[in-house]
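# Structural features, examined
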Amino acid sequence: MSKQIPKAVKVEMSASILKVQFDNGEIKYLKSHYNDDIVDSVSPKKGKGKRISLFLASHNSWLGTTTSIENDGTVVLNEKDKYTPEELWTKGKEHIAEL
C-alpha cells in the first residue's frame with residue numbers, strides 16, 4: 001500500500017525560498033532550484049558548466065514571482081521551473097531554519 005502524497009494548494013516565494021501549503025493543512029519550506037544552482041556554482045565539484053550561465057546571464061538579475069499550481073499539485077515557477085508533489089513533500093522542511 002502506497003502513501004498518498006499531499007498536493008500543494010498555495011505557494012509563496014520570497015528570497016528564493018518557497019512556502020508551500022498542502023491540502024492536508026501542513027506548511028513546508030523549500031529552497032528553489034535556482035538557489036541550489038547558485039550554491040552549486042561555487043562548488044569546485046558541482047560548479048562546472050554553471051558558473052558562466054549564473055553569473056553572467058541576464059536571468060540572474062531577476063528571478064520573478066510568477067507561480068502556478070497544476071491539477072496534480074505540481075508547482076511551476078516562472079512558467080519553466082517545475083516542482084513535483086513528491087519533491088515538495090519530501091524535500092520540504094517544517095521550519096525555515098532547517099534549510
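The coordinates are above.
Scope of this entry: the structure provided in the associated data block. (Residues numbered from 1 in each chain as written. Predicted model: local features only at pLDDT ≥ 70, side-chain atom pairs only at ≥ 80, totals over all residues. Heavy atoms only, no water.)

### So, the sheet that holds strand S6 (residues 81-83)
Overall, antiparallel pairing links the three strands, which are arranged S4-S5-S6 in an open sheet. Strands with a single pairing partner mark the edges of an open sheet, and in this sheet they are strand S4 (67-69) and S6. Averaged over all pairs of adjacent strands, the angle between strand axes in this sheet comes to 20 degrees, irrespective of strand direction. Sheet topology places S4 next to strand S5 (residues 75-77); three bridges connect them, and they run antiparallel. (Pairing = 2+ DSSP bridges. Helix = DSSP H or I, 4+ residues; strand = E, 2+ residues; numbered from the N terminus. Axes fitted to C-alpha atoms, helices over the stretch in contact; angles between N-to-C directions.)

### Focus on the packing of aromatic side chains
If you walk through the whole model with that rule in mind, you get one aromatic pair. Summarising the aromatic geometry, the rings of Phe22 and Trp89 are spaced 4.9 Å apart at their centres and angled 90 degrees between planes, so their arrangement reads as edge-to-face. Note that Phe22 is positioned in strand S2 (residues 17-22) and Trp89 in helix H3 (residues 85-91), a separation of 67 residues in sequence. Take Phe22 and Trp89: they sit in the same class, and that class is buried. Over the aromatic face of Trp89 sits the side chain of Lys28, whose NZ or CZ is 3.8 Å from the ring centroid. (Phe/Tyr/Trp six-rings, centres within 6.5 Å; stacked < 30°, edge-to-face > 60°. Buried < 20%, exposed > 50% of the residue type's maximum accessible area, 1.4 Å probe, protein only. Lys NZ or Arg CZ within 6 Å of the ring centre and 35° of its normal.)

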